[in-house]
Structure formats: structure tokens, C-alpha cells
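Architecture and fold: a report
The chain contents come next:
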Amino acid sequence: MDIRPSDFSSPEFDEWYSKYTVESFEHPGYPIPERDAPPAAWDRFRAWDEGEMAAPLAWDLRRYPVAIDDTKLAGVHVGVITPREGVSGENSHRVLINLRGGGFILNPGLSFGKLESIPVASLGRIKVVTVDYRQAPRYQYPAATEDVEAVYRELLKQYAPKAIGIYGCSAGGTLAAQAVAWLQRKNLPRPGAVGIFCSSPGSKRQSAGDSRLWATVVIPPSQASVIRETYKPFGWYMAGANASDPDAYPGASDAVLTKFPATLFLTGTRDPGSSATFAAHARMLRLGVDSSLYVMEGAPHATHVVAPQTPEAQDANAYIARWFESRLAQ
């Protein structure tokens, strides 16, 4: 299928999308080394990975004036991002925890977390702590969740739980849901709100639904085998997790989901995972959870993060900031 951008798209989005389709559909996949590859191979991959984020990150830093403190909380590497004009009075006793995306294999460090956090911190005038959690190939589940717990416990020393929000995109969205379930089992106080973006609480046996066409039909058949091989590493982190464990797969338990705080889902209509997001939102409503859904027309996976120059991404990030402001306690 050859599908042009949506008729509702802005000129900036059309320009970005034309480049995205070439890079993603004609040359799909990631140059991820073998799990036991020598350190030099992983270093080269990490350098490539950082390079992919350089342009959108430079755009964010020009557009959104923030201060970034590269530090540690409870022994976990984090970036503390605050607006240069200062945190607003309304948000002086609030904080957001960001969990960056990357399939639990891409984007180590702070760069992708900065992409997810800078617009929200600046537009919302709120402090955002982005967490460089542990991931594959060196670590497996629940290492990342343990890192989130450590940071959350540390922030509880300064902030009320209802004034703490957790959010992330893609694997970060999955991790945000896992963290909420994990905190339940640990009998820690529930955070005030959670944002599950470009993802869903999910289950191991979950079907892709109608949106699978964006991962199959629009990809040239000649690239199908490339896709299958290059995406295998995205399963490394969760390989040992039990499918019936709601800490790992919160979607496996209505009882766990019912206790979720206010939840914001965000997806694009061209995200292969959008069907799962739509179904999760409907399920949350059925369970009585305060669930909201933001849909980006014509947008692929993680567009609000990787295409910051588009009005669509700017609107989405502004809404994220407003939504947390409306849900978190002061």
C-alpha cells in the first residue's frame, strides 16, 4: 500500500512524514548487535543511536528553554529537567517521572528521555525527572521497574504521592503501567496519575488488532524478513517474565487495572499498537478508571517525541502538560 499523509496534516507534518516513510518503510530495522557482541560493537551502535536523536533534541533545546541536571537519585542515573522561567506556583509541589522509550534495548542514557521531557517541563512549567533505567541486553525484567521504585521512593520524601505523575512512551509507557502495578504489590502509595503513551498495559498474548497493518501491509514484502530479524532484540528484556504476572503484564488482571490512578493514553492512528491502546482505554472506562485518550491523526509511533517541529507534536505535548496539571494534587 502506498499511503500519503492525512488530509488533516500540517505542512510541517507532511514534510516530516515524507522523510519518515523513506527511512522506516524503505529501510526498516535497527543495527542492533548480537547479544554477546563485543563491547566495541555495542559502542558503535550506541553512537548511531545517539546520532538519530541529535536533530530533534537540538530543535527541542532551541524551542523550549530548560535547565538539565545530569545526576543520580537513589543511585539511579536521572536527568532533572526544569523550565528556565521557573516551576509555576501551581506545580511547586508536583513532579513528573518520565520513563523513556526504546523497546528496552534502544536509547540508553538521557537523550530520548530529554526528548520526552523537555517540551512537557517547559510548556507545563513543572519539574520532570527522566530515568535512565536498566535494560537489555545486560539486564532483564524487573530491573527497570526496580529502578523506577527506587526513584519513586526517593521523591516520596519530598512530594505527596498524589502530586507525583509517571509517564512514558513506547517501552516507557509499558514500564509506566508496570510500575503502577508493582507499587500496588509493594503497598506503596498510589501516584496521582499515569501516562501510557504509544503503548498499553497489555498482555503477553495480546493481538495486534486492526492496526497491525502499519507493521505489515505498508512494509514492502522484500523487507519482511529484515523486520522479523531486527526486531527480535525487543523481546530480550521481557523474555523471562511470566505471562500471568500482573506486575509484568498489568493487562492480565482487571483487579490490578481497577486500582490504577487517572490514566492518559496517547497514540497515533498509524501506530501499529494503536488498536491495543484504543482497547485498553475502553477497558479502563469499563472498570471505572478515570481514563483519557489523545489521538494524533495520521501519526506513526512516538510522533509527539520524534517530530517536535510539527504543530501536531506541539499540541500533544501541551495537552500532556495540561492533563497532568488537572489530575495531580497540589
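In what follows, the structure referred to is the one given above.
Throughout what follows, the structure given in this document is the object of discussion. (Residues numbered from 1 in each chain as written. Predicted model: local features only at pLDDT ≥ 70, side-chain atom pairs only at ≥ 80, totals over all residues. Heavy atoms only, no water.)

1. A closer look at the overall build of the protein
Along the protein, the regular secondary structure elements total ten helices and eight strands. Computed over C-alpha atoms, the radius of gyration of the protein comes to 19 Å, within 12% of the 20 Å expected from 2.2 N^0.38 for 330 residues, which places it in the range of a compact globule. Dimensions of the protein, computed from C-alpha atoms along their principal axes, come out at roughly 55 × 45 × 45 Å. Taking all 330 residues of the protein together, 55% fall into the buried category. Pairs at least 24 apart in sequence give 80% of the contacts found in the protein among residues at least 6 apart. Working note: accessible area of the protein is about 14,200 Å², and carbon and sulfur atoms make up 51% of it. Mean positive and mean negative side-chain charge positions of the protein (33 and 35 charges, respectively) differ by 7 Å. (Helix = DSSP H or I, 4+ residues; strand = E, 2+ residues; numbered from the N terminus. Rg over C-alpha atoms; globule rule 2.2 N^0.38 Å. Buried < 20%, exposed > 50% of the residue type's maximum accessible area, 1.4 Å probe, protein only. Contact = heavy atoms within 4.5 Å. Areas by Shrake-Rupley, 256 points an atom, 1.4 Å probe, with all protein chains shown as cover. Lys, Arg positive; Asp, Glu negative; His and termini not counted. Charge placed at Lys NZ, Arg CZ, Asp CG, Glu CD.)

2. What to know about the environment of Gln-314
Here Gln-314 is to be found in helix α10 (residues 311-327). For the pair Gln-314 and Arg-46, spaced 268 residues apart in the sequence, the C-alpha separation amounts to 28 Å. With residues up to four places along the chain from it excluded, the contact list for Gln-314 reads Trp-59, Arg-63, Tyr-64, Leu-123, Pro-308 and Gln-309.

3. Regarding empty space enclosed by the protein
Inspection of every chain in the model, using the stated rule, returns one cavity of 30 Å³ or more. Each pocket or cavity is described by its volume, and for the largest cavity that value is around 30 Å³. For the largest cavity, the full set of lining residues is Asn-91, Leu-96, Val-120, Gly-124, Ile-126, Ala-321 and Glu-325. Among the elements of the structure, α3 (111-124) and α10 are those that each provide at least two residues to the lining of the largest cavity. Class assignment for the residues of the lining of the largest cavity results in four nonpolar, two polar and one charged. (1 Å grid on protein atoms, 1.4 Å probe; cavity = no way out; pocket = protein on both sides within 12 Å on 5 of 7 lines; lining within 4 Å. Points joined across faces, edges and corners; volume = space filled by probe spheres on them. Nonpolar A, V, L, I, M, F, W, Y, C, P; charged D, E, K, R; others polar.)

4. Describing the nonpolar core
With 54 residues, the main nonpolar core has Ile-97, Leu-99, Val-151 and Phe-260 as its most contacted residues. When residues of this core are assigned to their parent elements, the largest contribution, nine residues, is made by helix α5 (residues 171-185). Setting aside chain neighbours within four positions, we find Leu-99 in contact with Glu-116, Val-131, Tyr-133, Val-148, Ile-166, Tyr-167, Gly-168, Cys-169, Gly-172, Leu-175 and Ala-176. In this structure, Met-53, Val-120, Ile-126 and Val-305 belong to the second largest nonpolar core, which totals 38 residues. (Core = buried A, V, L, I, M, F, W, Y, C linked by side-chain atoms within 4.5 Å.)

5. Re the pairing of strand β8 (residues 291-296)
Of the pairings in the sheet, the one linking strand β7 (residues 262-268) to β8 comprises six bridges and is parallel in character. Paired with Leu-266 across the two strands is Tyr-294, which belongs to β8. Read from β7 through helix α8 (residues 274-286) to β8, the crossover connection turns out right-handed. (Pairing = 2+ DSSP bridges. Right-handed = clockwise from strand over helix to strand, strands pointing away.)

6. Thoughts on the packing of aromatic side chains
By convention here, two paired aromatic rings are described through the distance between centres and the angle between planes. For the structure shown, the criterion picks out 17 aromatic pairs. Relative to Tyr-20, the ring of Trp-16 lies with its centre 5.0 Å away and its plane at 25 degrees, an arrangement referred to as stacked. Placement of both Trp-16 and Tyr-20 in helix α1 (residues 11-26) is noted, with a separation of four residues, approximately one turn of the helix. The same class applies to Trp-16 as to Tyr-20, namely buried. Between the aromatic rings of Trp-42 and Phe-45, the centroid separation amounts to 5.8 Å while the plane-to-plane angle is 85 degrees, which identifies the pairing as edge-to-face. One end of the pair, Trp-42, and the other, Phe-45, are both in helix α2 (residues 39-63), three residues apart, so they sit about a helical turn from each other. Each member of the pair, Trp-42 together with Phe-45, is buried. (Phe/Tyr/Trp six-rings, centres within 6.5 Å; stacked < 30°, edge-to-face > 60°.)

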